[in-house]
Amino acid sequence: MYPLFAREFLPRLPRIVQDDVRFQVSRRKRRANATQQNIDRFTNDSVKHALKYSPFIEDKYTFVDERSNAPERQRLHSSARSSVELNHRVLMCDEALEHLATNLTEMFTRLIQMTEIEENESSYVDALEKVFYGIREDMKRFYIKAPQIKKKHETIEDAERELERAIRRCLDVSYLVRKFKFLRTQYIEYSQIALSRVGGNKGQRKYVSSRSYARWEKKQIEAEQFVKSMSVLNDETGQAFDLSEVVKRTTANPENRRIELVVRSRGDEERAIEMGYEGVFVNWTLPSKYHRNSSKWNGCTPKEAHEVMMAKWRCARAWFKKPKIDIQWFGLRVAEPHKDGTPHAHMFLYVHPRQKQDLIDIIEGIAIDEDKSELIINGKLDKTPRITIKDCDPSQGTATGYIIKYISKNINGAHMPEGDAKQTALSATAWARIHRIKQFSQSGSPSVGLWRQLRRANPTETAFDEELEQLRDHADNSRWKGFCELGFKAKLAYEDKFNQYGDTVKRVIGINWLGKVIATCSEQF
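Residues numbered from 1 in each chain as written. Predicted model: local features only at pLDDT ≥ 70, side-chain atom pairs only at ≥ 80, totals over all residues. Heavy atoms only, no water.

Engineer: Could you give an account of the overall build of the protein chain, with specific residues and numbers?
Structural biologist: For the protein chain, the count of helices and strands is 19 helices and 14 strands. Within the protein chain, the fraction of its 525 residues that count as buried is 46%. If you take every contact in the protein chain between residues at least 6 apart in sequence, the share linking residues at least 24 apart comes to 64%. Between the mean site of the 88 positive side-chain charges and the mean site of the 74 negative ones, the protein chain shows a separation of 7 Å. (Helix = DSSP H or I, 4+ residues; strand = E, 2+ residues; numbered from the N terminus. Buried < 20%, exposed > 50% of the residue type's maximum accessible area, 1.4 Å probe, protein only. Contact = heavy atoms within 4.5 Å. Lys, Arg positive; Asp, Glu negative; His and termini not counted. Charge placed at Lys NZ, Arg CZ, Asp CG, Glu CD.)

Spelled out as structure tokens, the structure:
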């Protein structure tokens, strides 16, 4: 039995917080020589800690708020099924989520049936907009996002088709269930972050919480077992291959992904040397309020913090493109977590020497603009807590040699001196998957998809054009620099298909070279 204080206040906490407190207490009990007095003290301290940080969780996800002044929960009624509300129990149960999603689609259907179409030229699109915006608001009340649509369309027909497709998605139970499962993932990890389970201190885990990592690891094991048990079959030829062998040959294999990124990074450096460009290394983080380990933390998630970072980076790139500035650059961006899960960026950029200072000034100006006052120490501005930009010094080693570290530590930890490099890399990968954050992004180069298709091409298929054959040869022999010099003339070739919602889905079938298509993956398995 818990001590009086814990018995009084534990039931007032959100269910996910109660579970965390009980787990922490059970771990404490397993310690050697644990006395009842120590356990009681620890239990009370755990409840006090939970009471302090639960408001972050309750404010972010009001459907778990157990406080007396908590807002009323949304309840969905159905003519064919029992009513259901979004709460902790429902969110954690797949069957209950399907029930919730089914009731939600029934509510959307009623909204469609109640919408009247007036008799004028734009009446149908007006009705569709009314339905879609109503559905979007209803989904927002249940903490999920509706599909994004364009703000402007060339014709009324284009607007009608896009709205129809978006509404069709929202009426799909499986689509809504996927949305709720992502909400569950975010809810669990955010709760762990709020309760200080993520970090580099004692009792914490770097990058992601132990609970979320265990869930991600379980999914990885299940996916691996699925891959090992399946084969891919070509219906036309009858050819079959073990799916596990196919995966090993693609960039789904972490080692292949790492090697490809190293090759591309080396090629960028070779391009820069030939063009006379200079390299800069940028380490860019966010203001204190986005960091969980700061007393100024505003309660944001790592995903929300990353979106802020990307908005700042888009702003910088927009400045690069301004006609009077027109900075020519290329390079690689790596998204990486701090120990508390807050994202930051490492950028390896190449730029013409005459434009280098302009690039640095733009990035620094945008990086320090928000909450600039916290960077002023003893009357002087110190940018280093927010951003550091260093020149690439060839005497200290190659740029690629520096970049490799960041590639490896965020993929599989290969060739890293640290003993726990592989586990750290797995944690970084789990962090990216859980928060749906893109880890690597290369700019100023032809499509890497084109590179991969050229590596699949047969020399006899490209021999008709000398330049195309050179391009294929560069790709096939991992010469990224040569590929970039010629690759902007080539394009990926697609075939259009329609999915279940009516969206046009492009499937890569090969390479388009000056209007001629070279099929590299026309077979379907």
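Engineer: Residues and numbers for the nonpolar core, please.
Structural biologist: Counting 83 residues, the largest nonpolar core has W284 and I363 as its most contacted members. Per-element tally for this core: the top contributor is helix α8 (residues 173–194), with ten residues. Counting 18 residues, the second largest nonpolar core, distinct from the first, contains L468, L471, A475 and A490. (Core = buried A, V, L, I, M, F, W, Y, C linked by side-chain atoms within 4.5 Å.)

Engineer: Provide a residue-level description of unusual backbone geometry, including the pertinent values.
Structural biologist: Positive phi values are uncommon outside glycine, yet D326 reaches one of about 45°. By the element assignment, D326 lies in the loop between α12 (302–321) and β6 (329–337). A positive phi angle is found at D371, which is not glycine, with a value near 50°. In this structure, D371 sits in the loop between α13 (356–369) and β8 (376–377). The class of D371 is partly exposed, set by a relative accessible area of 28%.

Engineer: Please provide a residue-by-residue account of the environment of N458, values included.
Structural biologist: With respect to the helices and strands, the residue N458 is situated in the loop between α16 (448–456) and α17 (459–462). The sequence separation of N458 and R168 amounts to 290 residues, and the corresponding C-alpha distance is 42 Å. Among the polar contacts made by the side chain of N458, one reaches the side chain of T460 at a distance of 2.8 Å. (Polar contact = N/O pair within 3.5 Å; in protein donor to acceptor, adjacent residues only side chain to side chain.)

Engineer: Would you mind going over the environment of D59 in detail, with residue names and values included?
Structural biologist: Tracing the chain through its elements places D59 in helix α3 (residues 36–60). A sequence separation of 372 residues divides D59 from W431, and the C-alpha atoms of the two residues are 23 Å apart.

Engineer: Talk me through the packing of aromatic side chains; I want residue IDs and the actual numbers.
Structural biologist: Here the structure, examined in full by the defined rule, presents 27 aromatic pairs. Plain terms: the ring middles of Y61 and Y190 are 5.9 Å apart, the flat faces sit at 75° to each other, and that makes the pair edge-to-face. Residue Y61 is located in the loop between α3 and β1 (75–76), and its partner Y190 is located in helix α8; the two are separated by 129 residues in the primary sequence. A relative accessible area of 6% means that Y61 is categorised as buried. Note on W451 and W480: the rings are 5.1 Å apart at their centroids and 65° apart in plane angle, and the pair reads as edge-to-face. With a gap of 29 residues between them, W451 in helix α16 and W480 in helix α19 (residues 480–486) connect regions that are remote in the sequence. Accessibility expressed as a relative area gives 2% for W451, which makes it buried. The buried category is assigned to W480, whose relative accessible area is 1%. Taken together through their ring pairs, the aromatic side chains of Y53, F56, Y61, F63, Y143, Y187, Y190 and W297 make up a single cluster. Its end group placed over the ring of W480, R264 keeps NZ or CZ at 5.4 Å from the ring centre. (Phe/Tyr/Trp six-rings, centres within 6.5 Å; stacked < 30°, edge-to-face > 60°. Lys NZ or Arg CZ within 6 Å of the ring centre and 35° of its normal.)

Engineer: Would you mind going over the sheet that holds strand β5 (residues 278–284) in detail, with residue names and values included?
Structural biologist: On the basis of which strands lie adjacent, the open sheet formed by five strands has the order β10-β5-β7-β6-β11 and antiparallel pairing. Looking at the sheet topology across the chains shown, the edges are occupied by β10 (387–391) and β11 (440–443). The mean inter-strand angle of the sheet, taken between neighbouring strand axes irrespective of direction, is 15°. Examined bridge by bridge, β5 and β10 share five bridges and lie antiparallel to one another. Across the sheet, the residue bridging to N283 is T388, located in β10. Its contacts with the sheet place helix α14 (residues 399–409) against β5, β6, β7 (343–351) and β11, and it is angled at close to 155° to β7. (Pairing = 2+ DSSP bridges. Axes fitted to C-alpha atoms, helices over the stretch in contact; angles between N-to-C directions.)

Engineer: Tell me about the packing of helix α5 (residues 94–114) against α8, and name the residues and values.
Structural biologist: Between α5 and α8, the shortest axis-to-axis distance is 9 Å and the interhelical angle comes to 125°. Classified by the interaxial angle, the pair formed by α5 and α8 is oblique. Helix-helix and strand crossings are classified by hand; for α5 and α8 the assignment is right-handed. Residue-level inspection shows D94, L97, E98, L100, A101, T102, L104, T105 and F108 of α5 in contact with α8, the latter providing V173, L176, V177, F180, K181 and R184. The class makeup of the residues in the contact of α5 with α8 is nine nonpolar, two polar and four charged. (Parallel < 35°, antiparallel > 145°, perpendicular 65-115°, else oblique. Left-handed = near helix turned anticlockwise from the far one by under 90°. Nonpolar A, V, L, I, M, F, W, Y, C, P; charged D, E, K, R; others polar.)

Engineer: An account of the pattern of salt bridges is needed here, citing residue identities and associated values.
Structural biologist: Under the definition given, this model contains 42 salt bridges. For the salt bridge of E106 with R110, the shortest nitrogen-to-oxygen distance reads 3.3 Å. With E106 and R110 both in helix α5, this residue pair falls four residues apart, about one helical turn. As a salt-bridge pair, E374 and R386 come within 2.8 Å of each other at their nearest N and O atoms. On the criterion of sequence distance, the pair formed by E374 in the loop between α13 and β8 and R386 in the loop between β9 (380–381) and β10 is long-range, its members being twelve residues apart. Because the salt bridges share partners, they merge into one network encompassing K289, K312, E370 and D371. (Salt bridge = Lys/Arg side-chain N within 4 Å of Asp/Glu carboxyl O.)

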